[in-house]
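Now for the letters of each chain:
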Amino acid sequence: MQRTAKCLCGALQLATPAAPISSYLCHCVTCQRRTGSVLHHGAKFRIAEVTVTGASTVYVRTSDSGSQVEHHFCPTCGTTVFWRSSKFPDEYGVAVGCF
């Protein structure tokens, strides 16, 4: 089954035929501010099983545990579609709401 996550305007997309490695909810203050919601729902996929199309702007932050997190968002509409942590360098986290 092909899964495609995309931003609001459709310019940034991530596609994968793979099932997610895991799915999770986070309600930390950082995720609340990033999403504008009380929680964030993400799914993890192996980067080797993902195809990204379109340009993204990257915002890098240091997490509470000290790892670097790259947030990839659409430069046109601002939607954060996926991210990668130095703690899990072979995985992308994807915003479930973008699917």
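Rules used in this analysis
- Residues numbered from 1 in each chain as written.
- Predicted model: local features only at pLDDT ≥ 70, side-chain atom pairs only at ≥ 80, totals over all residues.
- Heavy atoms only, no water.
- Helix = DSSP H or I, 4+ residues; strand = E, 2+ residues; numbered from the N terminus.
- Rg over C-alpha atoms; globule rule 2.2 N^0.38 Å.
- Buried < 20%, exposed > 50% of the residue type's maximum accessible area, 1.4 Å probe, protein only.
- Contact = heavy atoms within 4.5 Å.
- Core = buried A, V, L, I, M, F, W, Y, C linked by side-chain atoms within 4.5 Å.
- Salt bridge = Lys/Arg side-chain N within 4 Å of Asp/Glu carboxyl O.
- Pairing = 2+ DSSP bridges.
- Polar contact = N/O pair within 3.5 Å; in protein donor to acceptor, adjacent residues only side chain to side chain.
- Axes fitted to C-alpha atoms, helices over the stretch in contact; angles between N-to-C directions.

Colleague: I keep staring at the overall build of the chain and nothing clicks. Help me out?
Modeller: The number of helices and strands found in the chain is one helix and nine strands. Ordered by position from N to C terminus, the α and β elements of the chain give β-β-β-α-β-β-β-β-β-β. Over its C-alpha atoms the chain spans a radius of gyration of 13 Å, differing by no more than 12% from the 13 Å that the globule rule assigns to 99 residues. With the principal axes as the frame, the chain shows a C-alpha extent of 35 × 30 × 20 Å. Here the chain holds 99 residues, and 33% of them are scored as buried. At a minimum sequence separation of 6, the contacts of the chain that also span at least 24 residues come to 46%.

Colleague: I keep staring at the nonpolar core and nothing clicks. Help me out?
Modeller: Nonpolar side chains in soluble globular proteins tend to be buried together. The biggest cluster of nonpolar side chains holds 16 residues, and the ones touching the most others in it are Leu12, Leu14, Val81, Phe82, Tyr92 and Val94. Secondary structure elements with two or more residues in this core: β4 (40-46), β8 (80-85) and β9 (88-95).

Colleague: What am I meant to see in the pattern of salt bridges here?
Modeller: Where side chains of opposite charge bring their charged atoms close, a pairing between them can arise. Taken as a whole and judged by the stated rule, the model has three salt bridges. Between Glu49 and Arg46 there is a salt bridge; the shortest N-O distance is 4.0 Å. Take Arg46: its relative accessible area is 43%, and that puts it in the partly exposed class. A salt bridge links Arg84 to Glu70, with the nearest nitrogen and oxygen atoms 3.9 Å apart. With a gap of 14 residues between them, Arg84 in strand β8 and Glu70 in strand β7 (residues 68-73) connect regions that are remote in the sequence.

Colleague: What's the story with the pairing of β4 in this structure? I'm lost.
Modeller: Each regular strand shows side chains that alternate between the opposite faces of the sheet. Within β4, five of the seven residues are buried, which leaves the element mostly enclosed by the surrounding structure. By the bridge criterion, five bridges tie strand β3 (residues 22-26) to β4 in an arrangement that is antiparallel. The residue bridging Cys26 from the neighbouring strand is His40, located in β4. Bridge count for β4 against β9 is five bridges, and the pairing is antiparallel. The residue bridging Arg46 from the neighbouring strand is Glu91, located in β9.

Colleague: So what exactly am I meant to see when it comes to the environment of Ser65 here?
Modeller: Of note, Ser65 is situated in the loop between β6 (57-62) and β7. Remark: the alpha-carbon pair of Ser65 and Ala43, spanning 22 residues in sequence, is separated by 20 Å. One polar contact links Ser65 to Ser63, side chain to side chain, over a distance of 3.0 Å.

Colleague: Help me understand the sheet that holds strand β2 (residues 13-16), please; the structure alone is not making it clear to me.
Modeller: The strands that make up a sheet pair up through hydrogen bonds in the backbone, lying either parallel or antiparallel. Taken together, the three strands give an open sheet; going across it, the order is β1-β2-β5, and neighbouring strands pair in antiparallel fashion. Both outer strands of the open sheet, β1 (3-6) and β5 (51-53), are each paired with one neighbouring strand and no more. Sheet twist, expressed as the average angle between the axes of neighbouring strands with direction ignored, equals 20°. Bridging between β2 and β5 involves three bridges; their strand directions are antiparallel. The residue bridging Leu14 from the neighbouring strand is Val52, located in β5.

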